[in-house]
Amino acid sequence: MPAVVGAVKVNTVSSSSIFNIGDVYAINPYTTSKTFAGGGSFNTGNGIQIQLQNSVTNFKDDDVIDQPNIGP
């Protein structure tokens, strides 16, 4: 069934967004990211107690691009 679209106002579309008007069969967004964090950074839950004396996150990324996005 064809889509009927009225007036559309787009304020922003970021680099990891998809903007579609009308009929579509499939939308496949893709993105990559790399995260560096210190000890105890991603803990979740109730009543967590963390005691870190010294926490240092060192990283060295010589190749810059680990897994490039190659779109269709």
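Residues numbered from 1 in each chain as written. Predicted model: local features only at pLDDT ≥ 70, side-chain atom pairs only at ≥ 80, totals over all residues. Heavy atoms only, no water.

Looking at an unreviewed UniProt entry, one finds the protein chain named Spore germination protein, with Sediminibacillus dalangtanensis as its source organism.

**Section: the overall build of the protein chain**
On a plain count of helices and strands, the protein chain comes out with zero helices and zero strands. Once the C-alpha set of the protein chain is aligned to its principal axes, its extents read approximately 60 × 40 × 25 Å. In the protein chain, buried positions account for 0% of the 72 residues. Intrachain contacts of the protein chain at a sequence separation of at least 6 include 26% that bridge at least 24 residues. (Helix = DSSP H or I, 4+ residues; strand = E, 2+ residues; numbered from the N terminus. Buried < 20%, exposed > 50% of the residue type's maximum accessible area, 1.4 Å probe, protein only. Contact = heavy atoms within 4.5 Å.)

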